[in-house]
Number of protein chains: 2
Amino acid sequence: MSHPHPELGAPPSVPDGGLRVTPLGGLGEIGRNMTVFEYNGRLLIVDCGVLFPEEEQPGIDLILPDFSSIRDRLDDIEAIVLTHGHEDHIGGVPYLLREKKDIPLVGSKLTLALIEAKLQEHRIRPYTLEVREGQREQFGPFDCEFVSVNHSIPDALAVAIRTGAGMAVHTGDFKMDQLPLDGRLTDLRAFARLGEEGIDLLLSDSTNAEVPGFVAPEREISGVLRQVFAAADKRIIVASFASHVHRIQQIVDAAYENGRRIAFVGRSMVRNMGIARELGYLKVPPGLVVDVKALADLPDEQVVLVCTGSQGEPMAALSRMANRDHQIRITPGDTVILASSLIPGNENAVYRVINGLTRWGAHVVHKGNAKVHVSGHASAGELLYFYNICRPKNLMPVHGEWRHLRANAELGAKTGVPPENIVIAEDGVTVDLVDGRARISGKVRAGYVYVDGLSVGDVTEANLKDRRILGDEGIVSVFVVVDSSTGKVVNGPTVHSRGSGIDEADFAAVVPKIEEAFARSAQDGVVDPHQLQQLVRRTVGKWVSDTYRRRPMIMPVVVDV
Amino acid sequence: MSHPHPELGAPPSVPDGGLRVTPLGGLGEIGRNMTVFEYNGRLLIVDCGVLFPEEEQPGIDLILPDFSSIRDRLDDIEAIVLTHGHEDHIGGVPYLLREKKDIPLVGSKLTLALIEAKLQEHRIRPYTLEVREGQREQFGPFDCEFVSVNHSIPDALAVAIRTGAGMAVHTGDFKMDQLPLDGRLTDLRAFARLGEEGIDLLLSDSTNAEVPGFVAPEREISGVLRQVFAAADKRIIVASFASHVHRIQQIVDAAYENGRRIAFVGRSMVRNMGIARELGYLKVPPGLVVDVKALADLPDEQVVLVCTGSQGEPMAALSRMANRDHQIRITPGDTVILASSLIPGNENAVYRVINGLTRWGAHVVHKGNAKVHVSGHASAGELLYFYNICRPKNLMPVHGEWRHLRANAELGAKTGVPPENIVIAEDGVTVDLVDGRARISGKVRAGYVYVDGLSVGDVTEANLKDRRILGDEGIVSVFVVVDSSTGKVVNGPTVHSRGSGIDEADFAAVVPKIEEAFARSAQDGVVDPHQLQQLVRRTVGKWVSDTYRRRPMIMPVVVDV
């Protein structure tokens, strides 16, 4: 298996007749999926998603792929193919279209409806081409065939991209539920046909490659929901992902069977379920869904609320209910169902919500104590089937952290993909398909681009390092006014502190030390404010460290009057 | 079941002949376990542990129980009984002994050895009484009998406390491995005998009450370790908890069987394994353990390193190996085993380490892909056995977040404990056992006490709020020197920023706005520096919010010359 060398340089230009594949996101992380295909000077982009920040990126709203390697080639882009409507596949589109509004978007009906709703918030009306499974479309030199795949959102597609270099297949996100609610399978017959023709490069979802076995069918959840609904004699509140139409469908069905009405709560839930109903993906008996205000008039045993917040997001409805900061007040006997996964990193936030709800007397049903969630990504057992059907000549695991990519590569090798034809790449690494063989050729910029408030890309790693220090240790600021002609202190030192845990009055002890240091440096003829600032930093830093064994940020300002 | 009312007041004095139980930690969280028993004016403490901070408590080293409710009663304390040697049960002892050095510590041989080593670092030599299972000791009015329990550290004890109010039993942490490595069972025969006599109040470990079924025996791990060891042809690096003697014993045995030598790495691992060997808890064939330096002379296939860092702690050996910041350099073919749990909240840090190790070519075996860990706490199935054997008259779940306490209470109810005799308390809630019935009587202070560097209790919730704002948004400081007689600006405004993601040069745009605001307020006769500071805060805050849609902390300082 080939791995990228840590010191890879810029790639040479694409060899004649070769296909270059450059992942700009999603390889080395779960999120911001984006892959650029280049053939004969033209580009095709598959997906353009966002990554949600972890605690290492404090204060950040979203993380985007770095567009800098394609920024001066926007006119070469034939289209952006969107495999499905999840944020980690479409969330970056508004930011790319800001740079060039008329790049066509290609996707299924639901996917386009979701991205159009999002683009409306950014006041962008995109050019779109709706496609469906079985359809074949030419975008410049890229001959694209779309194949249905099953995932945790309806209407997901894989794409087979034929060029003069051969056929590349990108799975998008997929699993292989053999009894999907909507009957829409991952089309293994189509993949078998593509495999017969010859898949030269397969880019395949790695998210669950470490998980042995098979994902249980989505419909198994309905049995559990039925039990919980039957046992509940007060309100039922269900939190789930706002795009998981099939999960919500099962909740709708359970509510209907139990004579309950449903209200959707939360902006994204209301919007997405509106779209899904309108387009026929969510089927709701007439009169079942009511406005949240109308619930107040119904007895508790006829109420179901469906809301967001299953990941413990502090501003979402569920967290606010747990904190008694929402119009819906949890009372003993209410049942709350978290019908969702627990995304790594969110554990503390989710458990905080569960504890809060429990404390108010709710009975909380979640992944940890009932089968109320199945994953949307193929496990190892499914991937083995898939590789045996596709028999790719070259394999490039995508969508995952290193551990997932590596596990997926090993599954491919087990099914007979020659190890030398398996490429574990990472974000920015260019992979060239030439003469039927995929090889790493170089590396382009693919760093994190941070969205924070209105700004995109202004927040730097240095800023985040400062935030981490400020957040862990707080800050001590010291202001001094000096007369630079004499070096004498005219006013101050004035010491303020935030978050250091040191009482501001206690800094009185360091003031004489600063004054002494200034006096000594004045004797030595040092009166430059910049040098005096360094002196303040050292003096205060040492005192705090010696006295409290802590290292707050020291911010000295010496001005001269 | 009784729950504490949110507006509970201070409890009345303890009724004559009653026993008061006050949990000062461990109820509402996993950690800082501490329970105070009061009878006839005298106190007995069971455990005094620390809690490790989450991301909500940035920069904090440790969280202690709040001792304020017993601070003026230190002379009434008969003893501190330590159930076992884990940090969340003994880590707070040095801080309590700082307030009164001669409170006797009571515990088993290993527990006392571990707390003595810890106290040595704090330069405290404690008074101790070593006890063992079956032993009975009187501490003032408290007649204590010790019962062996099985846990993830050897030599753990439960304690039955007889007073005139009846018998209270505190389990400490326990599970019920029926084939423990050292043959030391949770002594169900003793619990049956106590149950026959009559357990008036049972305080029982809730950590795994939500988990159905039974914990697998610790010894099942050895089969998995054997397989991994047999398959490895280069170095093996095992990360585990530094106190998990039986886990380490199995690694020692596997190393011995495979002709490998072992070195311990990391201060706490070296210290604890030294103690465990010396006292006979860890059995090591002569010559098997070598110094880490001696490993360099051995071929890779004869090497085992046992280190800390299984929770992704950034300064521990394993994280540093993953970052290539350690003398041990991971190379392709090395096997790394994380033989440990994954404590909620540590997921991202642990996965970061696994990804780093994988990237350097290591094969990483962990809880997610192999059975290399079993829990130390009884699951629901075990708790049912336990309650059916003990048949307590009153039950008080301890050691857990709300969801765990509630689940444990429900298990008790299922086995026949009358619901009105089950008390779900939380930290600080006083529970009085009077006339054979446990009732909530009030609430004492039990907030978080933060250890940060050398200081204990100085860091407040307000400081942490400041840290969270600073960490998410950064800070903007504005310094202005005015002549207060005229309100004219003499120097400045000088604007600095850290972590805001806004270029300092860009603040030039807000300087005229501050100057305008000052000019207007001078016209209105407002020249007080404090009022001018508020003006700066509003002006800069509004400008940043309008321009960048962000809310950094604004720190204005207006001084007067």
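Residues numbered from 1 in each chain as written. Chains lettered and ligands numbered in written order. Predicted model: local features only at pLDDT ≥ 70, side-chain atom pairs only at ≥ 80, totals over all residues. Heavy atoms only, no water.

Draft legend 1. Inspection of helix 10 (residues 380-390) of chain A at higher detail. Residue and element names in this part refer to chain A. All of the buried residues along helix 10 are A380, G381, E382, L383, F386, Y387 and C390. In the core, the buried residues of helix 10 are packed alongside helix 4 (188-197), strand 12 (201-205), strand 18 (395-398) and helix 11 (402-414). Following helix 10 by one or two positions, R391 has its phi on the positive side, about 45°. (Buried < 20%, exposed > 50% of the residue type's maximum accessible area, 1.4 Å probe, protein only. Helix = DSSP H or I, 4+ residues; strand = E, 2+ residues; numbered from the N terminus. Contact = heavy atoms within 4.5 Å.)

Draft legend 2. Structural context of a nonpolar patch on the surface. A contiguous nonpolar patch, built from V490(A), V561(A), V490(B) and V561(B) and spanning about 280 Å² of accessible area, is present on the exposed surface. Note that V490(A) resides in strand 24 (residues 488-498). (Patch = residues over 30% accessible without salt bridge, like charges linked within 9 Å, V, L, I, M, F, W, Y side chains within 5 Å. Areas by Shrake-Rupley, 256 points an atom, 1.4 Å probe, with all protein chains shown as cover. Salt bridge = Lys/Arg side-chain N within 4 Å of Asp/Glu carboxyl O.)

Draft legend 3. Summary view of the UniProt feature "active site" (unreviewed entry) in chain A. All names here are of chain A. Using the residue numbers shown here, the UniProt feature "active site" (unreviewed entry) corresponds to D205 and H377. Taken together, the annotated residues stretch across 173 residues yet fold into one region, lying no more than 7.5 Å apart by C-alpha. Tracing the backbone shows D205 in strand 12. At 3.2 Å, the side chain of D205 forms a polar contact with the backbone nitrogen of F174. For H377, the position within the fold is in the loop between strand 17 (363-366) and helix 10. Among the polar contacts listed, one links the side chain of H377 to the side chain of T207, at a separation of 3.4 Å. (UniProt positions renumbered as here; feature names shortened; annotations may be inferred. Polar contact = N/O pair within 3.5 Å; in protein donor to acceptor, adjacent residues only side chain to side chain.)

Draft legend 4. Region of interest: the pattern of salt bridges. Considering all chains together, one arrives at 68 salt bridges over all chains under this definition. For R193(B), the salt bridge identified is with E145(B), shortest N-O distance 2.7 Å. A residue pair is termed long-range when its members are at least 10 positions apart, and R193(B) in helix 4 (residues 188-197) and E145(B) in strand 9 (residues 142-149) qualify at 48 residues. Classification of R193(B) as partly exposed rests on a relative accessible area of 42%. What emerges from the salt-bridge pattern is a single network uniting E38(A), R42(A), R73(A), D76(A) and E78(A).

Draft legend 5. Focus on the environment of G140(B). Mapped onto the elements of the fold, G140(B) is located in the loop between strand 8 (136-139) and strand 9. What makes G140(B) partly exposed here is its relative accessible area of 37%.

Draft legend 6. Geometry of the pairing of strand 5 (residues 77-81) of chain A. Residues and elements named next belong to chain A. Summarising burial for strand 5: five of the five residues are buried, a large majority. The pairing of strand 3 (residues 42-46) with strand 5 spans four bridges and is parallel. Across the sheet, L44 pairs through a bridge with A79, a residue of strand 5. Relative to strand 6 (residues 105-107), strand 5 runs parallel, the two sharing two bridges. (Pairing = 2+ DSSP bridges.)

Draft legend 7. Spatial organisation of the packing of aromatic side chains. Residues and elements named next belong to chain A. Evaluated as defined, the whole model comprises 15 aromatic pairs over all chains. When the centroid spacing of 5.7 Å and the interplanar angle of 50° are considered together, the rings of F507 and W543 count as tilted. Note that F507 is positioned in the loop between strand 24 and helix 13 (511-523) and W543 in helix 14 (residues 529-548), a separation of 36 residues in sequence. Residue F507 is classed as buried on the basis of its relative accessible area, which comes to 1%. A relative accessible area of 10% places W543 in the buried class. Following the ring pairs from residue to residue traces out a cluster consisting of F174, F191, F386 and Y387. Taking NZ or CZ as reference, R324 lies 3.9 Å from the ring centre of W360, over its face. (Phe/Tyr/Trp six-rings, centres within 6.5 Å; stacked < 30°, edge-to-face > 60°. Lys NZ or Arg CZ within 6 Å of the ring centre and 35° of its normal.)

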